[in-house]
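# What the coordinates show
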Amino acid sequence: MEPVGPLILTEDGALLDDLLRLCAAAGARAQVRHGPPDRDRWESAPLVIVGDDAAARLRGSGRRRGVVLVSRAPESPELWRHAVEVGADHALVLPDGEKWLVDRIADVAEGAGCPALTVGVLGGSGGAGASTLACALALTSARAGRRTLLVDADPLGGGLDVMLGAEEAEGLRWPAFAGSRGRVGGGALEEALPALHGLRVLSWDRGEPVPVPSQAVRAVLAAARRGGGSVVVDLPRHADDNASEALAQLDLALLVVPATLPAVAAAGRTAAAVRPVLRDLRAVVRPARRDRSGCVPDGAEVARLLGLPYAGELPHDPGLPAAQDTGRPPGHDPRGPLARFGTAFWQQLVPGPDGATS
């Protein structure tokens, strides 16, 4: 089936050639009209690209979202006046605006709608259990019927595909995307990744370290988000440009904090480092064993000390080591403590039947 494309309105032959070339680059087939469009076509097109030459003929066509005014002439006050007259969301000049327009057309071709709810998981201290929680959240999201991607953003970790028991699964790992600079297709990305336990996973391989530029991280994570559903990102504790790119894509992040004073102190430093980038950071507290005094810091108190909202207690799963020895990932048992935590988390975050997105 031919991907849906934009409606192009222009009688400028040179501009039309440029726009058709950009549609081809985005994998979309355009509808072209030389005169004013009929009402149904105007209202139903996912994107309308109006040549500056056609602006005057479109007065009175009705206001709608998703209109872009395009010109090949240098930017001028007249261009912006025409944009206002046709109710355009954007006005741009070619060739300077070509990249933006190709990305917008490609979004239409992929049927881009609501972006994925993107949740990051970050260890407040070493060995906090962030990767375990990330895997459990991804599995419970997929089990609820959502499209789910699990992204390993920590090149120094052991690899989430290993934790999922599928390090030999076919599909691309991060090094394959090291050369990505521009837009990455969301559908193509998903199809290229290993499919494990009802979800897709982007992990690192066990070869020689390959630097992945921050531009590639940005492009890949943006593509992951475009397909909707859920994206779970296992974040590194070290701060660098790639970590900042990952943090900037998140809707919220969970900081996993063992309930010990040293861990809380370390988590405080971690929280201070990421707060400038994150819009929503919440604490998940992992209970600690009682000390000689019999005291264990309460999870809500740990969150209060950190100045963060309390997202709950990460339960201990006594069967986890044995399960991982046999290739079963965290959260594999729907009745287990990690799966129950994940199910409750998604239901609270995305209310609906079984926590499914609407």
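A brief report on the enclosed structure follows. (Residues numbered from 1 in each chain as written. Predicted model: local features only at pLDDT ≥ 70, side-chain atom pairs only at ≥ 80, totals over all residues. Heavy atoms only, no water.)

## Some remarks on the pairing of strand β3 (residues 48-51)
On β3, burial covers both faces: V48 and V50 on one face and I49 and G51 on the other are all buried. In terms of strand pairing, strand β1 (residues 7-9) meets β3 through three bridges, oriented parallel. In the strand pairing of β3, L9 is matched with V50. In this structure, β3 lies alongside strand β4 (residues 67-71), joined through four bridges in parallel fashion. Counterpart to V50 in the pairing with β4 is L69. (Buried < 20%, exposed > 50% of the residue type's maximum accessible area, 1.4 Å probe, protein only. Helix = DSSP H or I, 4+ residues; strand = E, 2+ residues; numbered from the N terminus. Pairing = 2+ DSSP bridges.)

## Describing the sheet that holds strand β2 (residues 31-33)
Adjacent strands of a sheet pair through backbone hydrogen bonds, lying either parallel or antiparallel. Reading across the sheet, the five strands line up as β2-β1-β3-β4-β5 and stay open at both edges, with parallel pairing between neighbours. Strands with a single pairing partner mark the edges of an open sheet, and in this sheet they are β2 and β5 (90-93). Across the sheet, the axes of successive neighbouring strands diverge by a mean angle of 20°, strand direction being ignored. Across the sheet, helix α3 (residues 77-86) is in contact with β4 and β5; its angle to β4 comes to roughly 155°. (Axes fitted to C-alpha atoms, helices over the stretch in contact; angles between N-to-C directions. Contact = heavy atoms within 4.5 Å.)

## Structural notes on the side chain of E245
With respect to the element layout, E245 can be found in helix α9 (residues 241-248). In this structure, E245 is in contact with S214, V217, R218 and L221, ignoring residues within four places of it in sequence.

## Examining the pairing of β5
Judged from the four bridges that link them, β4 and β5 form a sheet pairing that is parallel. Paired with L69 across the strands is A91, a residue of β5. For the handedness criterion, the β-α-β arrangement of β4, α3 and β5 is classed as right-handed. (Right-handed = clockwise from strand over helix to strand, strands pointing away.)

## Structural notes on empty space enclosed by the protein
This structure, assessed with the given rule, holds one cavity of 30 Å³ or more. Quantified by volume, the largest cavity comes out at close to 40 Å³. As for the largest cavity, its lining consists of L9, T10, R33, H34, G35, P36, A54, R57 and L58. Grouping the amino acids of the lining of the largest cavity by side-chain chemistry returns four nonpolar, three polar and two charged. (1 Å grid on protein atoms, 1.4 Å probe; cavity = no way out; pocket = protein on both sides within 12 Å on 5 of 7 lines; lining within 4 Å. Points joined across faces, edges and corners; volume = space filled by probe spheres on them. Nonpolar A, V, L, I, M, F, W, Y, C, P; charged D, E, K, R; others polar.)

## Quick notes on the packing of aromatic side chains
Summed over all chains, the structure comprises two aromatic pairs. Between F345 and W346, the ring centres sit 5.2 Å apart and the planes meet at 75°, which makes this aromatic pair edge-to-face. In terms of burial, F345 and W346 fall into one category: buried. (Phe/Tyr/Trp six-rings, centres within 6.5 Å; stacked < 30°, edge-to-face > 60°.)

## Comments concerning the environment of A219
If you trace the backbone, A219 turns up in helix α8 (residues 214-226). On a C-alpha basis, the gap between A219 and R183 in space is 5.7 Å, while along the polypeptide they are 36 residues apart.

## Re the packing of α8 against α9
Two elements in contact, α8 and α9, have axes whose closest approach is 8 Å; the angle formed by their N-to-C orientations is 20°. Judged by the angle between their axes, α8 and α9 are roughly parallel. As α8 runs across α9, the sense of the crossing is right-handed. In this structure, α8 uses S214, V217, R218 and L221 to contact α9, whose residues at the interface are D241, N242, E245 and A246. Of the residues in the contact of α8 with α9, the class split is three nonpolar, two polar and three charged. (Parallel < 35°, antiparallel > 145°, perpendicular 65-115°, else oblique. Left-handed = near helix turned anticlockwise from the far one by under 90°.)

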